[in-house]
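Below, each chain spelled out in residue letters.
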Amino acid sequence: MTGSLLDDHHWHSIIIERHGRNINLTLDRHMQHFRTNGEFDYLDLDYEITFGGMPFSGKPSSNSRKNFKGCMESINYNGNNITDLAKRKKLEPSNVGNLSFSCVEPHTVPVFFNATSYLEVPGRPSQDLFSVSFLFRTWNPNGLLVFSNFADDLGNVEIDINEGKVSVHINVTQVKKNRIDISSGSGLNDGQWHEVRFLAKENFAVLTIDGDEASAVRTNSPLQVKTGEKYFFGGFPIQMNDSDHSLFQHSFQGCMQFIHVDDQLVDLHAVEQGQLGSFANVTIDMCAIIDRCVPNHCEHGGKCTQTWDSFKCTCDGTGYSGATCHNSIYELSCEAYKHLGKTSNYYWIDPDGSGALGPLKVYCNMTEDKVWTTVYHDLQMQTSVGGNSLEKLSVLQLNYSATMDQISAITSSAEYCEQFISYSCKMSRLLNTPEGNPYTWWVGKANEKHYYWGGSGPGIQKCACGIERNCTDPKYYCNCDADYKQWRKDTGMLSYKEHLPVSQVVVGDIDRPGSEAKISVGPVRCQGDRNYWNAASFVTSSSYLHFSTFQGETSADISFYFKTSASDGVFLENLGNTDFIKLELKSATEVSFSFDVGNGPVEIVVRSPNQLNDDQWHRVNAERNVKQASLQVDQLPLEVRKAPTEGHTRLELYSQLYVGAAGGQRGFLGCIRSLRMNGVTLDLEERAKVTPGVKPGCSGHCTSYGMYCANGGKCVEKYNGYSCDCSKTAYDGPFCIKDVGAFFEEGMWLRYNFHSPGTSMKDLVSRTLLSSTDPETTAPDLNLSKEELSFSFSTTKSPCVLLYISSYTQDFMAVLVKPSGNLQIRYSLGGTKEPYNIDVDHRNMANGQPHTVNITRNGRDIVLQLDHYPPTSYSLPTASDIQFNSPKALFLGKVIEIGKIDQDIYKYNTPGFTGCLSRVQFNQIAPLKAALRPTNASSHVHIQGELVESNCGASPLTIPPMSAATDPWHLDSASADFPYNGQAIGDGVNRNSAIIGGVIAVVIFTILCTLVFLIRYMFRHKGTYHTNEAKGAESAESADAAIMNNDPNFTETIDESKKEWLI
């Protein structure tokens, strides 16, 4: 569909050309190209063709529109002048109905109303029949059409357009005030001509729209009519009394014609000459209507609606926003979502931003340093082909959740892409190596065929085994090419991203008896986003990069990040004859966006309350379209400037685009990153490599993004981004927020020695990790005056030992769960007879829920925080020492130590901790992480039993479970009262149902108890095998000796005064 407002009494030319399925439709020299639906090129037409309408012939027709009314000339069809042939009656057969071969100019006189117009015409007063009719056209949904007062104060009539409907309000003033309302039509503000006819007489009124008598609205309400002297169209004169004003306040903007009052056509030329009625601010014999939605400035499928002065875009459901639906509401890539703090999940991305490609849904895997973007297809893994098939070729089509252009946008910006492909075969050859023509190939981007397989590369007709020289039969370069009767397989990754994705696999050699094959193709996986970190550093004020002219005539968006310590400088500029567009840092707190499209320079300035030259990344988004221009910096409020309703709208530029210094102005000093203009990323790095004064890349990412490295993770600067070093934390993952934990079965334990085997106690690394989180405060003697301990746990058994820190002296620290399920922290630092205990009695910790414990000691002061409750402070007794002397080892789950052990701890040690421990950290030591992740600290760890990694559930609960007294969902069986909305059930039925239900419940309960007992019995015995006994236990004199014999790292210092103790 093309064109708008073609009923303007002007000649218009139409040319329709068809070549096969390709159609060119040209209207007034504006061409539109499209293709027909279907698969055939031949147009099978009837033996007759009609112009101007369809004669009634009894044939079915999909066209329900009225026949054309107007003039046509120069009608040509395939070289035949139809107009001339019809005029000379040379058409056989021909059917000419109500047609003349002349074009008479219409005698219509339209009148144009603006917001301050009115037209007053006289009527025939004191008639008992009120009659008015006219044609109108408008874009506005509301406006006053006609107003007239009845004679003798009988009331008035008001006709207006209200939300696209024509409404009539008759105010009747007799004994008491009464109002009659009728309305008809819908969507009449569509810019087309619509006819209104209204007639009223005593106790009767009728409203007809567009001559449709079938849908005319009538009323028989009590009504007395006596026409007045004046009829006002489109508005009122200013001098009218307020009491005469209508209830409708919107003036009419639009056109009217064929105005009839009391069955008389109003002579508008007489009105124009002052011979009839009066008017103000109207234009007679012209309709100045403009279709602001043609061409449609709403992008990406946005719906355009308009009023007389402006248009509006509705962007619902498009995935875009803004005044013209120009800006994508989604991020450009998974990399962008990662730096918003998002975790692995499905996300919508828009790789070209405001470009023509729409958004697509992908899976973002953020568990690694670089983000993986995954696009899936519908081909099942191990899809079978062949098996006595009569077809020589089998074509497998892959339908992705995105278009090929969308996937290409992802692969082109990625650093690396891959796609798994596998061919399982039985008597079905693959590439027919070493020298034959391939039986099977795959089709990639741009519908190109490729004859290499996974694990190989372009131009190499080999499979992975051929590259690695380990094929089943060395004479061939693919396992399947050996043509064995047993199943073989050729698999590998396709990693040449310019060829991806695989859109089709064509399988051959499946037509022989016994030939079978199975195809598997994985999703497309891409890593990294080169566009996101594409940056350049401008090192002198005269440095600049130049690119081709920016094409943003009616719609332009510019976005980038900048980082600087300078107070001003030009970011970019592009010039035309008089038009221009420029973005600059005007001062340390101001960013300016200025442009000129021919209506004079416009400047938008965003002022930041904070300094922008703080050497941190700041984001700039600028947009300009035919409706408005806007500028936003970081998350500051958007600054918007409306465009004038009339005037120039096209931005015409001719010079190159300069990024940095231009035209002798002071250039930008600093870094610019991820510069995108109308969805296209400018390759700053590549251009900077060949430009003096500009360096590719930019350092200092950690100054802006270091905050994302959580839980003590250290930000590490990289050439094209940053990463988080979690090595000195108890966490893992790209942002150090993934818990590292493990499940402990009964009898399991873990010991972390604070010094490496074979090293002295003065080992500097051990002292640094153990003493403090600050290396500067390293204690040379390894006597700790402060500790920081944090961990999370969950268990259902008590008592138990959660954590124990031993020493080469009598000092120790322990975290216990008492038999009551309460938590206890126990310190023994010397100077007192008994250890100092901190009992947390306000809740049961052995409830199976995850709990977090944070303990900080600095000298005598101890701060304990449990879960998210407020921290609680404690203080060691004055007699207590404040030094933790010579720490030796940290135990989790159980204490296996030679020497004197506190009696309570000894009792809690059996059978040991059962449950989950995670994110355990003592100063800078993370023992669980050292056990589960191979690091330099792994040599410090000894484990008894099988350690199974677990995340230990969600975040700890902060609210204890409700008691039965406070839980609104708790029902006591003795007092529960269940409402029943139906009829009462008889006592006998209730009793029998209760007995049957009770028997069933007892049987089910007995079966469940038996199953639980069996499962516990089986797993209890299984656990004893997981807790491996120390080798050499048979020959050892004691259990402790067996442990020492088995573990050479286990060292201890026996107290000088040996004491005997009984186990």
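See the structure printed just above.
All values derive from a computational prediction rather than experimental measurement.

## What about the overall build of the chain?
The secondary structure content of the chain amounts to twelve helices and 65 strands. Burial analysis of the chain (1063 residues in total) assigns 45% to the buried set. A separation threshold of at least 6 residues defines the contact pool for the chain, and within that pool the share at least 24 residues apart is 64%.

## A short note on the pattern of salt bridges
Here the structure, examined in full by the defined rule, presents 23 salt bridges. For Asp615, the salt bridge is made with Lys563, and the minimal N-O distance between the two is 3.7 Å. One end of the pair, Asp615, is in the loop between strand S40 (602-607) and strand S41 (618-625); the other, Lys563, is in strand S36 (residues 555-563), and 52 residues separate them in sequence. Given a relative accessible area of 5%, Lys563 falls into the buried group. When the shortest N-O distance is used, the salt bridge between Glu949 and Arg933 registers 2.9 Å.

## Notes on the sheet that holds strand S59 (residues 851-858)
Two pairing modes exist for strands in a sheet, parallel and antiparallel, and in both the strands are linked by backbone hydrogen bonds. With antiparallel pairing, seven strands are arranged side by side in an open sheet as S61-S60-S59-S54-S63-S52-S65. Edge positions in the open sheet fall to strand S61 (872-875) and strand S65 (948-949), since each of these has one partner strand only. Relative to S59, strand S54 (residues 786-795) is paired through eight bridges, and the arrangement is antiparallel. Note that in S59 the partner of Glu788 across the bridge is Thr856.

## Focus: the packing of aromatic side chains
Scanning the model with the defined rule gives 36 aromatic pairs in all. For the pair Phe134 and Phe136, a centre-to-centre distance of 6.4 Å together with 55 degrees between the ring planes defines the contact as tilted. For the pair formed by Phe134 and Phe136, the shared burial category is buried. Judged by centre distance (6.3 Å) and plane angle (85 degrees), the ring pair of Phe562 and Phe668 falls under edge-to-face. Linking Phe562 in strand S36 with Phe668 in the loop between strand S44 (657-660) and strand S45 (670-677), this pair joins segments that are 106 residues apart in sequence. Taken individually, Phe562 and Phe668 each receive the classification buried, so the pair is uniform in this respect.

## Focus on the pairing of strand S56 (residues 812-817)
Most of S56 sits inside the fold, with six of its six residues counted as buried. Neither face of S56 is left uncovered, since the one carrying Phe812, Ala814 and Leu816 and the one carrying Met813, Val815 and Val817 both have all their residues buried. Where strand S55 (residues 800-807) and S56 come together, five bridges link them in antiparallel fashion. When the bridges of S56 are listed, Leu803 appears paired with Val815.

## What about the pairing of strand S7 (residues 130-137)?
Of all eight residues in S7, eight are buried; the element is thus mostly enclosed. Burial along S7 is two-sided: Phe130, Val132, Phe134 and Phe136 facing one way and Ser131, Ser133, Leu135 and Arg137 facing the other are all buried. Across seven bridges, S7 lies against strand S12 (residues 194-201) in antiparallel orientation. Counted as the bridge partner of Phe130 is Ala200 from S12. One ladder, built from five bridges, connects S7 with strand S16 (residues 254-261); its direction is antiparallel. Each residue of the ladder has a partner; that of Val132, found in S16, is Val261.

What counts and how
Residues numbered from 1 in each chain as written. Predicted model: local features only at pLDDT ≥ 70, side-chain atom pairs only at ≥ 80, totals over all residues. Heavy atoms only, no water. Helix = DSSP H or I, 4+ residues; strand = E, 2+ residues; numbered from the N terminus. Buried < 20%, exposed > 50% of the residue type's maximum accessible area, 1.4 Å probe, protein only. Contact = heavy atoms within 4.5 Å. Salt bridge = Lys/Arg side-chain N within 4 Å of Asp/Glu carboxyl O. Pairing = 2+ DSSP bridges. Phe/Tyr/Trp six-rings, centres within 6.5 Å; stacked < 30°, edge-to-face > 60°.

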